[in-house]
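Close look at the chain arrangement
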2 protein chains.
Amino acid sequence: MERVGGWFKARLEKMKNAISGVGKEAKRLGKEDPRRVVHSLKVGFAIAAVSLFYYFDFSFDGFGVNAMWAVMTVVVVFEFSVGATLGKGVNRAIATLLGGALGVGMHDLVGFTGEEKIEVVLLGLSVFLIAAMATFCRFFPKLRARYDYGVLIFILTFSLISVSGYRADVVFDMAYRRLTTILIGGAAAILVCIFICPVWAGQDLHKLTASNIDKLGTFLEAFGHAYFQESIDKNQASLKDYKTVLNSKGVEDPLVNFAKWEPRHGKFKYRHPWEQYLKIGSVTRECAYKIDALNCYLNSEVQTPLELRTKLQESCTKITSECSSALTELAIGVRTMTCSSSTEIHIVNAKSAAKNLKALLQTGLWPDTDFLHIIPAVTVASLLIELVSCTVKIADSVEKLATMAKFNKPDPKMNRQTSLQKVKRIPSIEVSHNFSIVVD
Amino acid sequence: MERVGGWFKARLEKMKNAISGVGKEAKRLGKEDPRRVVHSLKVGFAIAAVSLFYYFDFSFDGFGVNAMWAVMTVVVVFEFSVGATLGKGVNRAIATLLGGALGVGMHDLVGFTGEEKIEVVLLGLSVFLIAAMATFCRFFPKLRARYDYGVLIFILTFSLISVSGYRADVVFDMAYRRLTTILIGGAAAILVCIFICPVWAGQDLHKLTASNIDKLGTFLEAFGHAYFQESIDKNQASLKDYKTVLNSKGVEDPLVNFAKWEPRHGKFKYRHPWEQYLKIGSVTRECAYKIDALNCYLNSEVQTPLELRTKLQESCTKITSECSSALTELAIGVRTMTCSSSTEIHIVNAKSAAKNLKALLQTGLWPDTDFLHIIPAVTVASLLIELVSCTVKIADSVEKLATMAKFNKPDPKMNRQTSLQKVKRIPSIEVSHNFSIVVD
């Protein structure tokens, strides 16, 4: 008896722990990005509203069973960002229209034959052909990027209408009702998504771009300090944050696709040059690969002795601090959509520091030292020199964005510290938008 | 009149070109991976079959409108690989069962109150709460990775049943029918997917892993030749193929998730260690970042003069060729699921070549040369030395996989050339599985 009681107690304890664990995780997720909580409430609200509409038969008097398509549309179309929701909604509406029209047409066409056996064969054949062709279309990269969901819904609507319509003999009416209810559901989802605390994919892409550039700057700053000290905490966040940048492509690509669906909002005008963000992302990643190489030298077991390293300290820290400042300025510039004026100066300084470093290397700093000992430091130095040109590339691509999007002149009253805070305070965008990108 | 005719002719010509362009692209996509064509035909067949089932009211006598859920399930669940299809199918079935049960339960519970106003409020509230909570659950990373689709379908079924059920007063019956038709549709999709030319996500992941390792080997081989020549074609494929490896994470993660759903097939036993592929992928990418750095030195404008470079030629090409052989052997080993015996030797050779290179650097090869001139070559040399340890890491992780998955001893009769061919002939897996990963 006692043993059974103990067993139950242990089980209960375990369950308690599991539940509190989930609770803690939920709290963390909510704190990390409160928009997640808001999004959940929005979805709940939209679904409940459309469900009750349906329940009351309020405006659905004639819709009957078809009314459930409204609820379905809300559930399926409602995404985290406005762009994703709009994209799915528009895809669904147009695909239903096209699929429905083709389905009705096919039904009428087949009806002309008059004989049932031929009709069945023709219907089966047409569903087979259209479904197979449409499925193949999903492999076209350009189509897939923006209209994958639409093609799926097209196949769905076409087969449902062309085949089921035949039985009820109310094909046209049915197609019409389905389209109307889908429009109602889609409209409900889009309206709630846009007008209650909207989440703009474009804005998140913009923030992400700024924060990725900033992460590189933060690393360089920290690296400059860390490399010339005997013992440093290699696990500090500023030396590890850059790792998410390495795999950022999987997040940026869909965000750009979503952003293209979005209307003008905030500081983003219609036809904002979203494609340019891909280019900035590409050069940012290029820079991140180099930074990854630098990081390896920080953690490497084979090191140039510190007393030899210190000879390079001045020029190297000059480069890291100037590049870091330039990158941070660029990040602030992107974030606040202003043309940064001081970036130029930092880049010029970094270039001259690189020149000094080169000259320094030329002088034969370590006359009687084992060549092997100095290789790591020389490699770090040459990587730093390359990082200057990487920074220039990032600056160029950001400048191009600034021209295309007509960034403002910097506001002298703007508080740099506040802007910097804004760049840093980024909730983890990947998780919020449901991309399964994790750092290695 | 003539001008209108000309205009029409030009238009017609343009349309012709566009159509032939699409046709060419379709042909290319089909040739690149013929499984795409087969997949399209399979989807067409499954949808047509289920549609005709529905049409004939064959076994759907009692299902009525609910029968369309079978068609819908086939369209939505049928994915390129068996794992993805099984995952979606199981998710959909379980979620429909749970959502339906909870919907029926909620409907009964609310029915006890007796008064309609209270009922409406309770129903609306329950839909709101459950939808909001379930939506928030989608942000949990672990849940999302495998059950995202299920949660969506759960919300959908729950709201449809709990609200619409009330009106028809046939809630239980409706839920039962929906579940049955979904099971029929899901079964049709899964059977066609598994038994007609199946595409296994696990197999593709396996091939992808092997081909990624091989791409690194190919680069190293080509680099060894290219770096010590005056003018080379820097655009040759062998020097560029590695770039897809940099962004391979976005493809590997979902493939691992799909593979976990798959039953044993081919050489892959139940509980094949799919997670280990993520680890191999991670070290492969690490190696690819270094190779990207090497590639930069190949294309850099600042180069060590060729006559200085040649002093390192022997040791460097020894490292590249040994590492390349080791990587190629590893790729063949993974691809054919055999423990490669010669990898060990190549790695030992590479290590000793690295040692030689280090010793060579120590001797002061370039006594009276400008230090700045030799930095690029020294950096390349030190990168190559690091690549040896990267290769060791890859070899270790592959060996771990070999132990976990019980790879066979190598077959002496196995033709190395044929195996190598097999590793290379990889259709672009990313596009086939509908991942939108493109090279920068």
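Bear in mind that the values here come from a model prediction, so they are computed numbers and not experimental data. (Residues numbered from 1 in each chain as written. Chains lettered and ligands numbered in written order. Predicted model: local features only at pLDDT ≥ 70, side-chain atom pairs only at ≥ 80, totals over all residues. Heavy atoms only, no water.)

1. Some points on unusual backbone geometry
The condition that has to hold: In DSSP terms, a helix is any run of H or I states spanning at least four residues, a strand is any run of E spanning at least two, and both are numbered starting from the N terminus.
Positioned with a positive phi, Cys197 of chain A is a non-glycine residue whose angle comes to about 40°. For Cys197 of chain A, the location among the structural elements is in the loop between helix H7 (171-195) and helix H8 (201-227).

2. Topic: the environment of Val37 of chain B
The criterion, for reference: The classification of residues rests on relative accessible area computed with a 1.4 Å probe and restricted to protein chains. Under 20% of the type maximum is buried, over 50% is exposed, and intermediate values are partly exposed. Contacts are assigned to residue pairs that have any heavy atoms within 4.5 Å of one another.
By the element assignment, Val37 of chain B lies in helix H2 (residues 35-56). For Val37 of chain B, a relative accessible area of 36% puts it in the partly exposed group. Considering only alpha carbons, one finds Val37 of chain B and Asp253 of chain B, 216 residues apart in sequence, at a separation of 25 Å. When residues no more than four places from it in sequence are discounted, the contact partners of Val37 of chain B are Phe136 of chain A together with Gly30 of chain B.

3. A closer look at the packing of helix H8 (residues 201-227) of chain B against helix H12 (residues 306-336) of chain B
The description of two helices packed together rests on the angle between their axes and the distance between the axes. Residues and elements named next belong to chain B. The condition is simple: Here the axes come from fitting lines to C-alpha atoms, over the contacting stretch only for helices, and the angles between their N-to-C directions go from 0 to 180 degrees. For classification purposes, angles smaller than 35 degrees are called roughly parallel, those larger than 145 roughly antiparallel, those between 65 and 115 roughly perpendicular, and all remaining angles oblique. Crossing handedness: left-handed means the near helix sits turned counterclockwise from the far one by under a right angle, and right-handed means the same turn made clockwise.
Between H8 and H12, the shortest axis-to-axis distance is 7 Å and the interhelical angle comes to 165°. For the element pair H8 / H12, the angle class is roughly antiparallel. Both H8 and H12 take part in a crossing whose hand is left-handed.

4. Observations regarding the packing of helix H4 (residues 82-111) of chain B against helix H7 (residues 171-195) of chain B
Residue and element names in this part refer to chain B. The cut-off we apply is this: Classification used: nonpolar for Ala, Val, Leu, Ile, Met, Phe, Trp, Tyr, Cys and Pro, charged for Asp, Glu, Lys and Arg, polar for all others including Gly.
At a minimum axis separation of 10 Å, H4 and H7 run at an interaxial angle of 175°. Overall, the two elements H4 and H7 adopt an arrangement that is roughly antiparallel. Across the interface between the two elements, Val82, Thr85, Leu86, Arg92, Ala93, Thr96, Leu97, Val104 and His107 of H4 pack against Val171, Phe172, Ala175, Leu179, Ile182, Leu183, Ala189, Ile190, Cys193 and Ile194 of H7. The residue inventory of the contact of H4 with H7, partitioned by class, reads 15 nonpolar, 3 polar and 1 charged.

5. Looking at the side chain of Asp292 of chain A
As for its placement among the helices and strands, Asp292 of chain A is situated in helix H11 (residues 274-299). Here Asp292 of chain A falls in the buried class, since its relative accessible area comes to 6%. Discounting chain neighbours no more than four positions away, the residues touching Asp292 of chain A are Tyr242, Lys243 and Leu246 of chain A together with Tyr289 of chain B.

6. Regarding the side chain of Ser126 of chain A
All names here are of chain A. In this structure, Ser126 sits in helix H5 (residues 116-137). Relative accessible area serves as the criterion here: at 8%, Ser126 is assigned to the buried category. In this structure, Ser126 is in contact with Met106 and Phe158, ignoring residues within four places of it in sequence.

7. Re the interface of chain A and chain B
Note the following rule: Computed with a 1.4 Å rolling probe, the buried area is the accessible surface lost when two parts are put together, summed over both parts. Salt bridge, as used here, is a side-chain nitrogen of Lys or Arg placed within 4 Å of a carboxyl oxygen of Asp or Glu. Residues adjacent in sequence count toward polar contacts only when both atoms are side-chain atoms; beyond that, a polar contact is any pair of N or O atoms within 3.5 Å, and within protein one must be able to donate a hydrogen and the other to accept it.
Listed by partner, the interface residues are 87 residues for chain A and 88 residues for chain B. A combined buried area of about 8100 Å² lies between chain A and chain B, and 70% of that area is made up of carbon and sulfur atoms. In terms of surface lost to chain B, no three residues of chain A exceed Tyr55, Phe139 and Phe371 of chain A, which account for 10% of the buried area on that side. Summed over the shared surface of chain A and chain B, the result is 0 salt bridges. Along the contact surface separating chain A from chain B lie 8 residue pairs in polar contact (both at pLDDT 80 or more). For the side of chain A that touches chain B, a count of residues per class yields 51 nonpolar, 17 polar and 19 charged.

8. Things to note about the pattern of salt bridges
Residues and elements named next belong to chain A. Within this structure, the stated rule accounts for 28 salt bridges over all chains. In this structure, Lys260 and Glu275 form a salt bridge, with 2.6 Å as the shortest nitrogen-oxygen distance. Pair noted here: Lys260 is in helix H10 (residues 249-261) and Glu275 is in helix H11, with a separation of 15 residues, a long-range link. Residue Glu386 is joined to Lys290 by a salt bridge in which the shortest nitrogen-to-oxygen separation is 3.5 Å. With Glu386 in helix H14 (residues 371-404) and Lys290 in helix H11, the pair connects residues that are 96 residues apart, well separated along the chain. Relative accessible area serves as the criterion here: at 17%, Glu386 is assigned to the buried category. Residues participating in the shared-partner salt-bridge network are Glu25, Arg28, Glu32 and Arg36.

9. Remarks on the UniProt feature "transmembrane region" (unreviewed entry) in chain A
This is how the line gets drawn: UniProt positions are given in the numbering used here, feature names are shortened, and annotations may be inferred rather than shown by experiment.
Within the UniProt annotation, "transmembrane region" (unreviewed entry) is assigned to residues 37-56, 68-86, 93-114, 120-140, 147-167 and 179-201 of chain A. Helix makes up 79% of residues 68-86 of chain A and strand 0%. Its end C-alpha atoms lie 20 Å apart.

10. Here's the deal with the relation of the copies chain A and chain B
What relates the two chain copies is a rotation about an axis together with a slide along it. Heads up, the rule is: We superpose the copies by least squares over the C-alpha atoms of residues that have a pLDDT of at least 70 in both of them.
By a simple turn and slide, chain A fits onto chain B: the slide is 0.0 Å along the axis, the RMSD is 0.0 Å, and the turn is 180°. What the rotation and shift describe, once combined, is the action of a two-fold rotation axis. Most of the interface of chain A is mirrored in chain B, where 100% of its interface residues are also at the interface.

11. So, the packing of aromatic side chains
The condition that has to hold: Pairing of aromatic rings covers Phe, Tyr and Trp, the last through its six-membered ring, and needs centres within 6.5 Å; plane angles under 30 degrees mean stacked, over 60 mean edge-to-face, and all others mean tilted. A ring has a charge above it when a Lys NZ or an Arg CZ is no more than 6 Å from the ring centre and no more than 35 degrees off the ring normal.
Per the counting criterion, the structure on display carries 25 aromatic pairs over all chains. Their ring planes at 25° and their centres at 4.8 Å tell us that Tyr289 of chain A and Tyr289 of chain B sit as a pair that is stacked. Taken as a pair, Tyr289 of chain A in helix H11 and Tyr289 of chain B in helix H11 (residues 274-299) lie in two separate chains rather than in one. Consider the rings of Phe136 of chain B and Phe139 of chain B, whose centres lie 6.1 Å apart with planes at 65°: the pair is edge-to-face. With a relative accessible area of 14%, Phe136 of chain B lands in the buried category. The buried category is assigned to Phe139 of chain B, whose relative accessible area is 3%. Cluster of aromatic residues (ring-pair linked, three or more members): Phe219, Phe223, Tyr227, Phe228 and Tyr242 of chain A. Looking at Arg146 of chain A, its charged tip hangs above the ring of Trp261 of chain A, at a distance of 4.4 Å from the centre. One cation-aromatic arrangement involves Lys88 of chain B over Tyr149 of chain B; the distance from NZ or CZ to the ring centre is 4.9 Å.

12. What to know about helix H5 (residues 116-137) of chain B
Rules: One fewer than the residue count of a helix, multiplied by 1.5 Å, yields its expected span.
For H5 of chain B, which comprises 22 residues, the first-to-last C-alpha distance of 31 Å matches the rise-based estimate of 32 Å (1.5 Å per residue) to within 8%. Those residues of H5 of chain B that sit buried are Glu119, Val120, Leu123, Gly124, Ser126, Val127, Ile130, Ala131, Ala132, Ala134, Thr135 and Phe136 of chain B.

13. Side note on the state of the cysteines
All names here are of chain A. Basically, it comes down to this: Working definition: a disulfide is two cysteine sulfur atoms within 2.5 Å of each other.
Counting across every chain of the model gives 0 disulfides over all chains. Free of any disulfide, Cys316 has its nearest cysteine sulfur in Cys323, 11 Å distant. The cysteine Cys323 is free of any disulfide, with Cys287 supplying the nearest cysteine sulfur at 7.9 Å.

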